[in-house]
Every structure is written in C-alpha cells, then in structure tokens.
Amino acid sequence: MEFNTKNKKRSLFALISLVFLFLLSFNGASIFSVKIPSLGSHSPGKPVRDSRNLISVSSSSSSSHAVKGEAPSTISIPHLKLQTHSVEKPVASAGDSKNFVSVPYFRYTVQHPQKQMAPAKEETQNINPNTHLPLLRKSHSLSVESEDSPIRNKKLLKTLATLGSSRGRRGDDFPARVKEHFSKKNDSVSCKVRFFMTWISPLKSFTERAFHSIESIFKTHPNGCLLIVSNSLDSIKGRQILKPFSDNGFRVTAVSPDFSYLFKNTMAESWFSRLIQGHVHPGDIPLGQNISNLLRLCLLYKYGGVYIDTDVIVLKSFAKLKNSIGAQTIDPNSKNWSRLNNAVMVFDKMHPLLYKFIEEFALTFNGNKWGHNGPYMVSRVVSRLQGRPGFNFTVLPPMAFYPVNWDKVRILFRGAKNESDSRYLKGKLEQIRNQSYTVHLWNKQSRVFHIEDGSILRKILSVQCIFCGSSSNEYIANTIG
C-alpha cells in the first residue's frame, strides 16, 4: 500500500513537471523577459554641446568690445526682414574684460604664480579621487539609449572614416577653402573677427536656436567671419539655410571637416586612427558629442580664435578677450571656480593649454561618462596647470559666459507670474546685459521650453536679431523640407 502511494506521488510529480515544461515552451519568453528601461533623457550638465561651435578672434583685431550701432536700416529678402546696424562709437559696460580680469582668483598667469588656486568643491558631494574635482551629474534630458547609441555610433564611425582624407565633399582642399573664406581680398567686408562653429548632427536637427545663435554673432560682429565646420551643412540644403546671411553681405560658409589635417601633429591624430580601426571603444554616449569636443580644440589650436556652441547667444564683442575660458560655477565660500565649461573658449593659435586639452582627451577618453571628455576634461587640466610657467590664460567668472546655470535655465524662458517676479526678471536681464558676453541656453535641458512673452530670452532675442520680426523657424522648416 505504501509502495502504491509512492508511485502515485511520483506520477503526480511527473505530470506536474510535464505541464510546467509545456507552459515554458509557449510562454518562456514572456516569463523570463525583463524590460530594462533606457536611461532617461534628462542629464545634468553642460553642454557640451554639444554641442558646441566656434568663433575665432584674430590677434590683429582692434575693434571695440562693446556693441555698437546707430539707427537700423532694413533690407527686404524672401521670408526674412533684415535689420542692420553700422559701426559707431564704443559703448562702455560693466561686462568689459578688464572688469572680469580684475578679480584676482580668476587670473592665472606666469607673472602671478602666487595667486594660483585649487578648484573648490561643488554642490555635489561625489568627488573624483584622482583629480579632487566634483563628478559631473548626468543631465536630466540627455538621451543615452543603451540600444540606439551603439548603433548610431557605429554609423557615425563609417562616416568619419570617409572624412579622413584631405578632400572635402566638393573635392576642394579643406585648408584652402578655409584660407579662401578668411582672406577674400575683393570682399567689401573685412574679416576683423573670425568665428568658428561645428555642427556634427544631421541637417534635420538644425533648429531656430542655432539660427538665432548665428544672428547674434553678426549682430555683435557685423565685420566678422563665420566658418561652420560641418558635413551636413556643407550641402545644397545647408547653403540654402545660410543664404539669407550671405545674400546680405555677411561672411559665412560651411566646410566639411578634414580630420587628417585638423588632427595632424597632435595626440588627436593617433587617437582618431585607433578609433577608426576599432581599437578605441566609442562608448554609449553619442560619439558626435565627443567628436565635437575634440574638433573644437583642434580648430582653435590650428587657427586660433573663439569657440561657441550653437545654443549660445552672443551679447557683446569678443574683440578684447584673449586666451580665456569660462567658469560655470564657483564655490560660494572660497569664491574659487569649481567647474569650467567648454561651450565658449577664446585662445590664440597653438596655445599650450589647448595642446594639453587635446592630450588629456586622447589619454583619458571614456565614451561612457557624460562630460568626461568635455567640461570635466578642461576642468581637470586647468586644475593641474593653473599658475605654472608657460601657461598664460584667464578664467572668467560664470557671469561672463554662463550667467544662468543649467539647473535654473527655466527662468530665461518664462514670463513674469506677478509684480514681484517681474522685478526679479527685470533685474536679472539688466545684470546679464551689463556683465555677460554670452548667455547659454543649455539645449539639452531647455529644448522643451517655450519662449514666453515678456521672458528674458524673448527680450534678448528681440535685440540680438538680424532678421527681426520674421519667423526663422518657418524659414528653416521650408528650407529643409
């Protein structure tokens, strides 16, 4: 009897096992699959830029630092209404470079090595033990999909490999095209200030904000020249986007990058070669972002000038700035900078600090850490080199380039809620106008924000425009199609 009971139990167990295996055969995927959410599209930070794009100040430039102008004249063009200003006498302002340089702890030169300061801790408590710098937090709106980014990076690698030769899309030599753009002798507009921008993204990503950024460059530097290093903008549709500027006498062109030429004789050359050969892992961060971080450094090292991101609005002339980089944050107690940013940079050709930036990028590249090869990288290098002989540069306070940090950028876009709020926004606008060369819009954090009526940004754009009163967004949409 006991034996029969055991057999029944075994039979029942075998039956249950068969049923369980049967269920697994049909539903195994749903039982054992786990949905792993991709990282959010928010990420603290800087910009990078992103993003990020370039201006360059010639050493012979002697134009006034302040915005100059007289009564505007208007020129009609299709879809856009042009407002131009002729040069008059300089206007003094609290934003002059001499006012920033007078702050002792921001000045690092060979002549004043005793004033060197170590970067202070930031608000975050996570510290990198190798550099004693605060770790950058991930931006809350930078999308880094674990599946999409590697695929996107692989496609970009193939494109980059085709751009390694000295021949651009039109078959022209890159350095020859750059030289031609900056040294047109029959051009009625002299190239007093050189500007560079980079655009690594597809043409469809070119937004109204990037268009406004270009407008602000020529609004403050009507005799300047802008070179956009971009494969997508160096096209028929790309030139169509820039046509309103060139049709009205502004010196702007887009040229596909020649990485072999730009990276030559720097550590970027070997790094890029290893990347193309598959010996450097691009990581999960969008590769275009890191290529932009390196490209801007090499452009400045090769030609000298000012780099500026496409989400930066220029408020004043850069003519009097020299070998400068901006602090994004400062320690409220020590008043020392706690983080720098690379969205705006001004440097002479072959400046030794730029060489060190490129070297650090190549030696410590990490494609999985947001900001590691950009803002965090320049902060690491400057923290080691400040005050050393042979390096002469200035760190400007946050109000110079980044008057509103990424985590407070919403105040630029919103209108006043009440009378008290109105007074606050008015005071902030005046502070920016008086003390800042640029305002950074932090696209990764603010791309979803609408520019409200009466907001700080609405008022800034109404002044820093070339095609005032027209819809550049509609024009771009119609042009790209």
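Preceding block: the structure.
Residues numbered from 1 in each chain as written. Predicted model: local features only at pLDDT ≥ 70, side-chain atom pairs only at ≥ 80, totals over all residues. Heavy atoms only, no water.

1. Digging into the state of the cysteines
As a reminder of what qualifies: Two cysteine sulfur atoms form a disulfide, by the criterion used here, when they sit within 2.5 Å. Between buried and exposed lies partly exposed: a residue is buried under 20% and exposed over 50% of the maximum accessible area for its type, with that area taken using a 1.4 Å probe on protein chains only.
The full count for this structure, using the stated rule, is one disulfide. Disulfide partner of Cys-465: Cys-468, at an S-S distance of 1.8 Å. Judged by the sign of its S-S torsion, about 100°, the cystine formed by Cys-465 and Cys-468 is right-handed. This pair shows no difference in class: Cys-465 is buried, exactly as Cys-468 is.

2. Some details on the pairing of strand β7 (residues 251–255)
Spelled out, the test is: Put simply, DSSP marks the helices as runs of H or I at least four residues long and the strands as runs of E at least two long, and each gets a number from the N terminus on. Only when DSSP finds a minimum of two bridges between them are two strands counted as paired. The handedness rule is simple: strands pointing away from the viewer, and a clockwise path from the first strand over the helix to the second, make the crossover right-handed.
Here β7 lies mainly inside the structure; four of its five residues are buried. Looking at chain direction, strand β6 (residues 224–229) and β7 are connected through five bridges and run parallel. Bridging across to β7, Cys-225 finds its partner in Arg-251. For the segment spanning β6, helix α6 (residues 236–247) and β7, crossover handedness is right-handed.

3. Points about the packing of helix α9 (residues 287–303) against helix α10 (residues 352–364)
Counted only if it meets this: In this analysis, axes come from line fits to C-alpha atoms, helices being fitted only over the stretch in contact, and the angle between any two N-to-C directions falls in the range 0 to 180 degrees. To sort the angles, those under 35 degrees are grouped as roughly parallel, those over 145 as roughly antiparallel, those from 65 to 115 as roughly perpendicular, and the leftovers as oblique. Rotating anticlockwise by less than a right angle from the far helix to the near helix defines a left-handed crossing, while the corresponding clockwise rotation defines a right-handed one. Contacts are residue-level and defined by heavy atoms, with any inter-residue pair within 4.5 Å sufficient. Residues are grouped as follows: Ala, Val, Leu, Ile, Met, Phe, Trp, Tyr, Cys and Pro are nonpolar; Asp, Glu, Lys and Arg are charged; all remaining types, including Gly, are polar.
In the contact formed by α9 and α10, the axes pass within 9 Å of each other and the chain directions differ by 150°. Between α9 and α10, the angle falls in the class roughly antiparallel. Crossing of α9 over α10 shows left-handed handedness. Counted together, Asn-290, Asn-293, Leu-294, Leu-297, Cys-298, Leu-300 and Tyr-301 of α9 and Leu-354, Tyr-355, Phe-357, Ile-358 and Phe-361 of α10 form the full contact between these two elements. Class assignment for the residues of the contact of α9 with α10 results in 10 nonpolar, two polar and no charged.

4. Some remarks on the environment of Leu-385
Looking at the secondary structure, you find Leu-385 in helix α11 (residues 375–385). Assessed through its relative accessible area of 6%, Leu-385 is described here as buried. Counting along the chain gives 32 residues from Leu-385 to Leu-353, while the straight-line C-alpha distance between them is 8.3 Å.

5. Section: the nonpolar core
In plain terms, the rule: By convention a nonpolar core is built from buried Ala, Val, Leu, Ile, Met, Phe, Trp, Tyr and Cys residues, the set being connected through side-chain atoms within 4.5 Å.
Formed by 55 residues in total, the largest nonpolar core has its most connected members in Ile-214, Leu-226, Ile-228, Phe-318, Val-344, Phe-401 and Leu-412. By residue number, the principal contributor to this core is helix α5 (residues 208–220), which donates five residues. What Phe-401 contacts, discounting residues up to four positions off in sequence, is Phe-318, Leu-321, Ile-325, Gly-326, Val-344, Leu-396, Tyr-437, Thr-438, Val-439 and His-440. Judged by nonpolar contacts, the second largest core, of 52 residues, contains Leu-294, Leu-297, Tyr-303 and Met-345.

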